[in-house]
Amino acid sequence: MPEMHFKIRWPDSSESLCYSPSLVIKDYFQPGRSYALDDFVGRSREALNIASERVRHKYGYACSGALDQLAQIEADAMRFWEEQTPTVTVIEFIE
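This structure is a prediction, so every number in the text was calculated from the model and none was measured. (Residues numbered from 1 in each chain as written. Predicted model: local features only at pLDDT ≥ 70, side-chain atom pairs only at ≥ 80, totals over all residues. Heavy atoms only, no water.)

Here's the deal with the pattern of salt bridges
Thinking step 1. A full pass over the atoms with the stated rule returns seven salt bridges.
Thinking step 2. One salt bridge in this structure joins Lys 7 and Glu 92, with 3.7 Å as the shortest N-O distance. You can see Lys 7 sitting in strand 1 (residues 4-9) and its partner Glu 92 sitting in strand 4 (residues 87-94), a full 85 residues away along the chain.
Thinking step 3. By relative accessible area, which is 25% here, Lys 7 ends up partly exposed.
Thinking step 4. The class for Glu 92 is partly exposed, based on a relative accessible area of 32%.
Thinking step 5. One salt bridge in this structure joins Glu 53 and Arg 56, with 3.1 Å as the shortest N-O distance. Here Glu 53 and its partner Arg 56 are both found in helix 1 (residues 37-59), three residues apart, which amounts to about one turn of the helix. (Salt bridge = Lys/Arg side-chain N within 4 Å of Asp/Glu carboxyl O. Helix = DSSP H or I, 4+ residues; strand = E, 2+ residues; numbered from the N terminus. Buried < 20%, exposed > 50% of the residue type's maximum accessible area, 1.4 Å probe, protein only.)

Details of the sheet that holds strand 4
One key point about sheets: their strands pair by backbone hydrogen bonds, in either a parallel or an antiparallel sense.
Thinking step 1. In space, the four strands of this open sheet follow the order 2-1-4-3, with antiparallel pairing throughout. Looking along the sheet, the strands with just one partner apiece sit at the ends: strand 2 (15-20) and strand 3 (34-36). Within the sheet, the average angular offset between the axes of one strand and its neighbour, ignoring direction, is 35°.
Thinking step 2. With five bridges joining them, strand 1 and strand 4 adopt antiparallel strand pairing. If you follow Arg 9 over to strand 4, its bridge partner there is Thr 89.
Thinking step 3. Set on the sheet, helix 2 (residues 64-77) makes contact with strand 1 and strand 2; between it and strand 2 the angle comes to about 150°. (Pairing = 2+ DSSP bridges. Axes fitted to C-alpha atoms, helices over the stretch in contact; angles between N-to-C directions. Contact = heavy atoms within 4.5 Å.)

Focus: the state of the cysteines
Thinking step 1. Inspection of every chain in the model, using the stated rule, returns zero disulfides.
Thinking step 2. Not engaged in a disulfide, the cysteine Cys 18 finds its nearest cysteine sulfur in Cys 63; these two sulfurs lie 14 Å apart.
Thinking step 3. In this structure Cys 63 comes out as buried when scored by relative accessible area, which is 10%. (Disulfide = S-S within 2.5 Å.)

What about the nonpolar core?
Thinking step 1. The biggest cluster of nonpolar side chains holds 25 residues, and the ones touching the most others in it are Ile 8, Trp 10, Ile 25, Phe 29, Leu 37, Phe 40 and Ile 73.
Thinking step 2. Looking at this core, the elements with two or more residues in it are strand 1, helix 1, helix 2 and strand 4.
Thinking step 3. In terms of residues, this core owes the most to one element, helix 1, which gives seven residues. (Core = buried A, V, L, I, M, F, W, Y, C linked by side-chain atoms within 4.5 Å.)

So, unusual backbone geometry
Thinking step 1. Although it is not a glycine, Ser 13 sits at a positive phi angle of roughly 75°.
Thinking step 2. Along the chain, the position of Ser 13 falls in the loop between strand 1 and strand 2.
Thinking step 3. Unlike most non-glycine residues, Thr 85 shows phi in positive territory, near 50°.
Thinking step 4. Counting through the fold element by element, Thr 85 comes out in the loop between helix 2 and strand 4.

Worth remembering: the numbers are spatial, not functional.
In structure tokens:
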């Protein structure tokens, strides 16, 4: 299964390198584009759950790496919920 990473910039300008076990992330994000925080988290949730299910379909078990990454994104996003119109920028895809 082709895995990939994607680099993001949070509203405070900090950056994170995120993991996906599938290229499905490319269907949900575009490099250089900013997303409202809630939209970014929702898209991440959908894409990483699909990626995990693709692993389950192929290997018979969910991808803990995808689920761990989703949990980290959700935890990091909590820091910014109170900000006015927070956005997350997808910087690049790394394959």
